[in-house]
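Descriptive analysis of the structure
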Amino acid sequence: DAKTTQPTSMDCAEGRAANLPCNHSTISGNEYVYWYRQIHSQGPQYIIHGLKNNETNEMASLIITEDRKSSTLILPHATLRDTAVYYCIVRVSGGSNYKLTFGKGTLLTVNP
Amino acid sequence: DAGVIQSPRHEVTEMGQEVTLRCKPISGHNSLFWYRQTMMRGLELLIYFNNNVPIDDSGMPEDRFSAKMPNASFSTLKIQPSEPRDSAVYFCASSLGQGVRETQYFGPGTRLLVL
């Protein structure tokens, strides 16, 4: 699976959009980009995933660059409860496709 | 839906004791995963079951660890004998299938402390 690079930490003001970047420059054509988050003392929670098109759901939007080498997770109106570690994960679509390989993620702190 | 259920939520035991962690996956899910999280190593996959059959146990640290899934609604992770370095948060997750599009849903975890 391709490696991902994320900033260690970010801050965001409550009510503002939080834009979390992820670099996956070695991604291959059959690899999906997944985002999970882990709120303190809880299990990881699925947010969104995509292959090449931008995706949106009730939690967030995922913007993937045309060359697919990077992506951005957008929380449109961050709240204090969005404070968590956010993991960007690249998963291959064949073979051992059940594996989720978690890196260190980005600690997003939403400030009042 | 109750989500993935794990018990106990917290466990404190002494070195050498047997520890059994339990997991009830989401009803209808046929894939089950056990993960371990520590500060040093982050989240690691220990073992993966599909339709109650262990498919990949390459992440199981050593013979002291064993996992079973006797039926579709129950799994256990056992450590015998336990050691202080086994102290971690153990998560169980389940998914509807094993494909890349299948979302894994995690339980709240069991916090294990081995003294």
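Okay, so let's go over this structure.

Rules of the game
Residues numbered from 1 in each chain as written. Chains lettered and ligands numbered in written order. Predicted model: local features only at pLDDT ≥ 70, side-chain atom pairs only at ≥ 80, totals over all residues. Heavy atoms only, no water. Phe/Tyr/Trp six-rings, centres within 6.5 Å; stacked < 30°, edge-to-face > 60°. Buried < 20%, exposed > 50% of the residue type's maximum accessible area, 1.4 Å probe, protein only. Helix = DSSP H or I, 4+ residues; strand = E, 2+ residues; numbered from the N terminus. Lys NZ or Arg CZ within 6 Å of the ring centre and 35° of its normal.

**So, the packing of aromatic side chains**
Tallied over the entire structure, the rule returns 12 aromatic pairs over all chains. Between the aromatic rings of Tyr 34 of chain A and Tyr 36 of chain A, the centroid separation amounts to 6.4 Å while the plane-to-plane angle is 20°, which identifies the pairing as stacked. Assessed through its relative accessible area of 0%, Tyr 34 of chain A is described here as buried. On the accessibility criterion, Tyr 36 of chain A (0% relative accessible area) is buried. Relative to Phe 102 of chain A, the ring of Tyr 87 of chain A has its centre 5.1 Å away and its plane inclined at 90°; by these criteria the two rings are edge-to-face. You can see Tyr 87 of chain A sitting in strand E8 (residues 84-92) and its partner Phe 102 of chain A sitting in the loop between E8 and strand E9 (106-111), a full 15 residues away along the chain. Taken individually, Tyr 87 of chain A and Phe 102 of chain A each receive the classification buried, so the pair is uniform in this respect. Cluster of aromatic residues (ring-pair linked, three or more members): Tyr 34, Tyr 36, Tyr 46, Tyr 87 and Phe 102 of chain A together with Phe 33, Tyr 35, Tyr 48, Phe 91 and Phe 106 of chain B. One residue, Arg 91 of chain A, lies across the ring of Tyr 34 of chain A, its end atom 4.8 Å from the ring centre.

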